[in-house]
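Take a look at the letters that make up each chain.
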Amino acid sequence: MATQATSSREAPAGAPALAASGRRVFEVEARGLQAVAARLDGAFSRACERILATQGRVVCTGMGKSGHVARKISATLASTGTPAFYMHPGEAGHGDLGMVTDADIVLAVSYSGESDEILMLLPVLKRQGNALLAMTGRPQSTLARAADTHLDISVPEEACPLHLAPTASTTAAMAMGDALAVALLEARGFTADDFARSHPAGALGRRLLLHIADVMHTGEDVPRVSGDASLGEALLEMSRKRLGVTAVVDAQGALLGLYTDGDLRRTLGDRRVDVHATPIRDVMTRDPVTIGSDALAVEAARLMETRKINALLVLDADRRVVGALNVHDLLRARVV
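This structure is a prediction, so every number in the text was calculated from the model and none was measured.

1. Describing the overall build of the chain
Right, on to step 1. A tally of helices and strands in the chain yields 15 helices and 11 strands.
Right, on to step 2. When contacts within the chain are restricted to residue pairs at least 6 apart in sequence, long-range pairs at least 24 apart make up 64% of them.
Right, on to step 3. The distance from the centre of the 36 positive side-chain charges to the centre of the 39 negative ones in the chain is 3 Å.

This is the structure we're talking about:
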């Protein structure tokens, strides 16, 4: 019986060889990024200035792998304060060019600079008066020469051993897009609050936008007793409101102290304490940790973690108790 030969392509590679291959990709792509970074010059600054000056949006376009890069660049720009969207160059020639106004600026990504789908759009864009920014790996390409500003993203080599699959070149293009987005972000004075407003559904948005006032208990739901109340009355209030604490307040609602489940465990170990007769002011914590209602909910979470506590009283500017919350409220709001 003839023995069936196993091709080298199907031969299993050992774990060390696989890891070495992976490391080589990182090394090749890192060299590519260093080469592109070393060339950042006036063209990059002019590209940023053109985008900052535009009254419209940045229309990102690219074909194939470059199209995926352009789509990611448009998403990063849009989320960091620069209005942008992705336009497929093939669809653009069949009606989607109608999305582009004369106030927009076009960012075209093509490593060869010779993508037919993009070159076909140039006469229309030029006639409409759109500024054209190009990212290519060939400064003498048709697209590069047609651009108002050209960003050179050429890399010494691809990580693909066949020198065919875009690898280091797409990484370089992605990094150039990130560099543009960050430079524009800083130039605009874009803040964390601005970022949160464009990400309201995400965890980051919740952390940056949700305030104490959005999650705290208010009104009759806030456990509180007067300074003249007995320990027993305080325990009944804690039981009714189920937050594990009660505020102790004066006649104007200003904070005198706090009593917690932890205080209860310590109190019950003291035989001198009579639950029905001992005034709450004798066993309360007189200077508890508190927070203001204008603080972010994430600040409350951080404070609870740092101080090893499970609940907080919320005070106004006059130290009146206006709310209360515990760690379960933050969990329900998905802040922690």
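From this point, the narrative continues.
2. Observations regarding the packing of helix H3 (residues 65–79) against helix H8 (residues 168–188)
Each pair of packed helices can be described by the angle between their axes along with the distance between the axes.
Right, on to step 1. The contact between H3 and H8 brings their axes to 9 Å, and the two run at 15 degrees. Here H3 lies roughly parallel to H8, going by the angle between them. For H3 against H8, the interelement crossing comes out right-handed. Between H3, through Lys65, Val69, Lys72, Ile73, Thr76 and Leu77, and H8, the contact on the second element is made entirely by Thr170, Ala173, Met174, Gly177, Asp178, Ala181 and Leu184.

3. A closer look at the nonpolar core
Right, on to step 1. Ranked by size, the top nonpolar core spans 32 residues in total, and within it Val58, Ile73, Leu77, Leu107, Met135, Leu151 and Leu180 carry the most contacts.
Right, on to step 2. For this core, the elements supplying multiple residues, two or more each, are helix H1 (15–38), helix H2 (42–53), strand S1 (58–62), H3, strand S2 (84–86), strand S3 (105–109), strand S4 (131–136) and H8.
Right, on to step 3. Element by element, the count of residues in this core is highest for H8, at 7 residues.
Right, on to step 4. Beyond its immediate chain neighbours, meaning those up to four positions away, Met135 contacts Ile73, Leu107, Ala108, Val109, Ser110, Tyr111, Leu151, Ile153, Ala173, Met176, Gly177 and Leu180.
Right, on to step 5. Counting residues in hydrophobic clusters, the runner-up holds 19 residues, among them Val215, Val298, Met304 and Val314.

4. Considerations on the sheet that holds strand S9 (residues 290–292)
Right, on to step 1. Strand order in this open sheet of 3 strands is S9-S10-S11, and the pairing throughout is mixed. One side of each edge strand has no neighbouring strand; the edge strands of this open sheet are S9 and strand S11 (321–326). Strand after strand, the sheet turns through a mean of 35 degrees between neighbouring axes, direction not considered.
Right, on to step 2. Relative to S11, strand S10 (residues 311–315) runs antiparallel, the two being bridged by 5 bridges. In the strand pairing of S11, Ala311 is matched with Asn326.

5. Quick look at the pairing of S3
Right, on to step 1. Counted residue by residue, S3 has 5 buried out of 5 residues, so it is predominantly covered.
Right, on to step 2. Side chains Ile105, Leu107 and Val109 of S3 all project onto a buried face; the interleaved residues Val106 and Ala108 project onto the opposite face, where all are buried too.

6. A word on the sheet that holds strand S6 (residues 224–226)
Right, on to step 1. Taken together, the 3 strands give an open sheet; going across it, the order is S6-S7-S8, and neighbouring strands pair in mixed fashion. Whereas interior strands pair on both sides, the edge strands pair on one side only; in this sheet they are S6 and strand S8 (255–260). Strand-to-strand twist across the sheet, computed as the mean angle between neighbouring axes with direction ignored, equals 30 degrees.
Right, on to step 2. In terms of strand pairing, strand S7 (residues 245–249) meets S8 through 5 bridges, oriented antiparallel. Directly across from Val248, in S8, lies its bridge partner Gly257.

Calculation rules
Residues numbered from 1 in each chain as written. Predicted model: local features only at pLDDT ≥ 70, side-chain atom pairs only at ≥ 80, totals over all residues. Heavy atoms only, no water. Helix = DSSP H or I, 4+ residues; strand = E, 2+ residues; numbered from the N terminus. Contact = heavy atoms within 4.5 Å. Lys, Arg positive; Asp, Glu negative; His and termini not counted. Charge placed at Lys NZ, Arg CZ, Asp CG, Glu CD. Axes fitted to C-alpha atoms, helices over the stretch in contact; angles between N-to-C directions. Parallel < 35°, antiparallel > 145°, perpendicular 65-115°, else oblique. Left-handed = near helix turned anticlockwise from the far one by under 90°. Core = buried A, V, L, I, M, F, W, Y, C linked by side-chain atoms within 4.5 Å. Buried < 20%, exposed > 50% of the residue type's maximum accessible area, 1.4 Å probe, protein only. Pairing = 2+ DSSP bridges.

So far we have only geometry, and geometry alone does not tell us how the molecule works.
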